[in-house]
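# Fold and geometry: a report
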Amino acid sequence: MSQIQSQQSESVIVDALPYIDHGYDEPGVREAALAMVEEETRRYRPTKNYLEHLSAMNLAAFETPMMKKEFDRLAARQPMDTLSMKRYELPTPPAGKMTDIQAWNECVDNSMAQLEHQRTRILNLELMLEYGGESWKVYNEVLVDMLNKVQTQLSEVKKDIQEVNWTRKNQQTQVGEKMKQLEGEWVGLVSKNYEIEQALLNMEAEYETLKKHHEKSTASVETKT
């Protein structure tokens, strides 16, 4: 793992020091950078599937039969079924069974079931009025506790980000001072090299002048003798 990280760190070349570099706000710099990004994006063609280590997504993993039925209805663009009120009706026996005791007994059983259902609903409403407030208070306390934990985590993340930014700024500032020093030394060395080259050129020119003067003097002496 450390070898992989070292290889990755060696492959990354930091070519920007935003805390010490200048000129980002100059006209045309932002446009030039965006043009470079757009050009690289246009030329770049991925050669590797970065998701190949993941299994294929199963979009229906959490679908219940009811959800699948509803999705199929939406896909077929069919209207939603209207709310059925049949369970709340108290129908009388059909016309042909108005004198049938069994049919009337079934109607009575249906009405008793409806009454019991309504009584249960009333009981649930009374229980909710009596205990629902406390339940919601407990639920709100749980939500507040969750919110406090998330806010604490957020504060820690912001603190970590701030420390990273501070460390990066400190490192870049120190590097910037070193770069300025090295740049000054480089400018000094380049200036010295330039002065040495100029001195050499002057010496060569002076040498050529003296050489020609010497040759002329020698030729003059030989002619006189």
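Overview of the structure. Everything quoted here is computed from the prediction, not taken from an experiment.

## Looking at the overall build of the protein
A count of helices and strands for the protein gives 4 helices and 0 strands. Counting from the amino terminus, the protein carries its helices and strands in the arrangement α-α-α-α. Scaling as 2.2 N^0.38, a compact globule of 225 residues should have a C-alpha radius of gyration of about 17 Å, whereas the protein reaches 45 Å, well beyond that. If you line up the protein on its principal axes, its C-alpha atoms span 170 × 45 × 40 Å. Per-residue burial over the protein gives 4% buried out of 225 residues. Sequence separation of at least 24 residues holds for 49% of the intrachain contacts in the protein that already meet a minimum separation of 6. As displayed, the protein offers around 21,600 Å² of accessible surface, 60% of which is attributable to carbon and sulfur atoms.

## Observations regarding the pattern of salt bridges
If charged atoms from side chains of opposite charge come close, those side chains can pair. Under the defined criterion, the tally for this structure stands at 7 salt bridges. Its salt-bridge partner being Arg42, residue Glu39 comes within 2.6 Å of it at the nearest N-O pair. Of this pair, Glu39 and Arg42 both sit in helix α2 (residues 29-43), 3 residues apart, roughly one helical turn. The partly exposed category is assigned to Glu39, whose relative accessible area is 32%. Residue Arg42 is classed as exposed on the basis of its relative accessible area, which comes to 52%. Note that Asp72 is salt-bridged to Lys68, the shortest N-O span being 3.4 Å. A residue pair is termed a helical-turn pair when its members lie 3 or 4 positions apart in one helix, as Asp72 and Lys68 do in helix α3 (residues 65-75) at 4 residues. Assessed through its relative accessible area of 48%, Lys68 is described here as partly exposed. Through salt bridges with shared partners, one network takes in Glu39, Arg42 and Arg43.

## Examining the packing of aromatic side chains
Geometry of an aromatic ring pair is reported as the spacing of the ring centres plus the angle between the planes. All chains considered together, the criterion is met by 1 aromatic pair. Look at Trp136 and Tyr139: their rings are 5.6 Å apart centre to centre, the planes differ by 85°, and that puts the pair in the edge-to-face class. With Trp136 and Tyr139 both in helix α4 (residues 101-224), this residue pair falls 3 residues apart, about one helical turn. Under the relative-accessibility criterion, Trp136 is labelled exposed at 55%.

## Describing the side chain of Gln172
With respect to the secondary-structure elements, Gln172 resides in helix α4. On the basis of relative accessible area, Gln172 is assigned to the buried category, the value being 8%. Residues in contact with Gln172, not counting those within four places in the same chain, are Leu17, Pro18, Tyr19 and Ile20.

The rules we used
- Once a new chain begins, its residue numbering starts again from 1 and follows that chain's sequence as written.
- Local features in this predicted model are restricted to residues whose pLDDT is 70 or higher, and side-chain atom pairs enter the listing and the counts only when it is 80 or higher, whereas totals over whole chains, interfaces and linings include all residues.
- The side-chain quantities take in all heavy atoms of the structure and omit both hydrogens and water.
- Each helix is a run of H or I in the DSSP string that is no shorter than four residues. Each strand is a run of E no shorter than two, and both are numbered from the N terminus.
- Note on method: radius of gyration uses C-alpha positions; expected globular size equals 2.2 Å times residues raised to 0.38.
- For every residue, the accessible area (1.4 Å probe, protein chains only) is compared with the maximum for its type, and the residue is labelled buried under 20%, exposed over 50%, or partly exposed between those bounds.
- By definition, residues are in contact when any of their heavy atoms lie within 4.5 Å.
- For the accessible areas, the method is Shrake-Rupley and the probe is 1.4 Å, while residue cover comes only from the protein chains on display.
- Here, a salt bridge means any side-chain nitrogen of Lys or Arg that lies within 4 Å of a carboxyl oxygen of Asp or Glu.
- Each Phe, Tyr or Trp ring, with Trp reduced to its six-membered ring, pairs with another whose centre is within 6.5 Å; inter-plane angles below 30 degrees give stacked pairs, above 60 give edge-to-face pairs, and intermediate values give tilted ones.

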